[in-house]
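# Structure at a glance
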Amino acid sequence: MKNIMTIIFGVGLLSISMITFSQTTLKIGHVDITEIMNALPQRDSAAAVLEKETKEFQSTYDEMTAVYNKMMDDYEKDQSKYSEIVKKNKESELLDKEKRLHEFEQNAASTLQKRNTELIQPIMNKILKAIDKVAAENGFTYVLDVSKGSVVYTSKDSQNIDSLVLKILKPI
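Residues numbered from 1 in each chain as written. Predicted model: local features only at pLDDT ≥ 70, side-chain atom pairs only at ≥ 80, totals over all residues. Heavy atoms only, no water.

## Let's talk about the confidence of the model for the chain
Selection rule: You can read pLDDT as the predictor saying how much it trusts each residue, on a scale of 0 to 100. Secondary structure elements follow DSSP: runs of H or I no shorter than four residues count as helices, runs of E no shorter than two count as strands, and numbering proceeds from the N terminus.
The predicted model of the chain averages 85 in pLDDT, with 81% of residues at 70 or higher. When mean pLDDT is taken per element in the chain, helix α3 (residues 41–78) scores highest with 95 and helix α1 (residues 2–22) scores lowest with 55.

What follows is the structure, encoded as structure tokens:
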């Protein structure tokens with residue numbers, strides 16, 4: 001009888017300790033990566049570089065468009081004077097210019113998108129490292145990014161850690 005009581009007591013004690021161990025609390029924080037990004041001076045530098053490059057592409061595109069429009073105007077104005085061979089040649093030149101204009105526009109957009117990624121990715125990596133550091137130092141189990149729109153609810157128990165992340169990224 002004494003052995004049965006000891007076994008029951010042992011099993012009960014083991015059950016209670018397992019339940020207590022399995023109920024660790026989650027500590028959840030949230031950040032707004034877009035706001036953090038906008039608060040960093042590196043973002044302004046990247047935006048300035050991208051704006052400069054965009055203006056260069058826009059200037060070249062405007063020049064190409066002006067040349068194309070002048071060729072089109074000249075063609076439309078003088079087409080009645082052209083022989084069939086000259087007319088076909090001019091039309092071919094116009095089509096070629098138009099094609100090059102569209103190709104330039106597509107290449108410029110692609111290049112600017114790649115350049116934006118090149119400029120932003122190092123900043124994003126620093127932000128993510130800072131978030132990891134804050135989460136580790138403060139014992140967060142999860143950190144959610146509310147700027148993505150996928151978090152539909154944030155309780156009062158969730159801590160906004162933007163200021164902690166910015167403190168790491170912008171030392172005084």
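## A look at the environment of Gln113
Counted only if it meets this: Relative accessibility under 20% of the residue-type maximum defines a buried residue, over 50% an exposed one, and the middle range a partly exposed one, all with a 1.4 Å probe and only protein chains included.
Here Gln113 shows up in helix α4 (residues 84–138). Given a relative accessible area of 58%, Gln113 falls into the exposed group. On a C-alpha basis, the gap between Gln113 and Leu50 in space is 9.4 Å, while along the polypeptide they are 63 residues apart.

## Section: the packing of aromatic side chains
For any pair of aromatic rings, the description rests on two quantities: the centre-to-centre distance and the angle between the ring planes. As a reminder of what qualifies: Stacked, edge-to-face and tilted are the three classes for Phe, Tyr and Trp ring pairs, Trp counted by its six-membered ring, which pair at centre distances within 6.5 Å; planes under 30 degrees apart are stacked, over 60 edge-to-face, the rest tilted. We call a charge positioned above a ring when the Lys NZ or Arg CZ atom is no farther than 6 Å from the ring centre and deviates by at most 35 degrees from the ring normal.
Considering all chains together, one arrives at 2 aromatic pairs under this definition. Consider the rings of Tyr75 and Tyr82, whose centres lie 6.2 Å apart with planes at 25°: the pair is stacked. Cation over ring: Lys27 sits above Phe140, and NZ or CZ is 4.8 Å from the ring centre.

## Remarks on the sheet that holds strand β2 (residues 142–145)
This is how the line gets drawn: Two strands are counted as paired when DSSP detects at least two bridges linking them.
Strands sit in the order β2-β1-β3 across an open sheet of 3 strands; the sheet is parallel. Bordering the open sheet on either side are β2 and β3 (159–160), each of which pairs with just one other strand. Where strand β1 (residues 28–31) meets β3, 2 bridges bridge the pair, whose relative direction is parallel. What sits directly across from Gly29, in β3, is Gln159.

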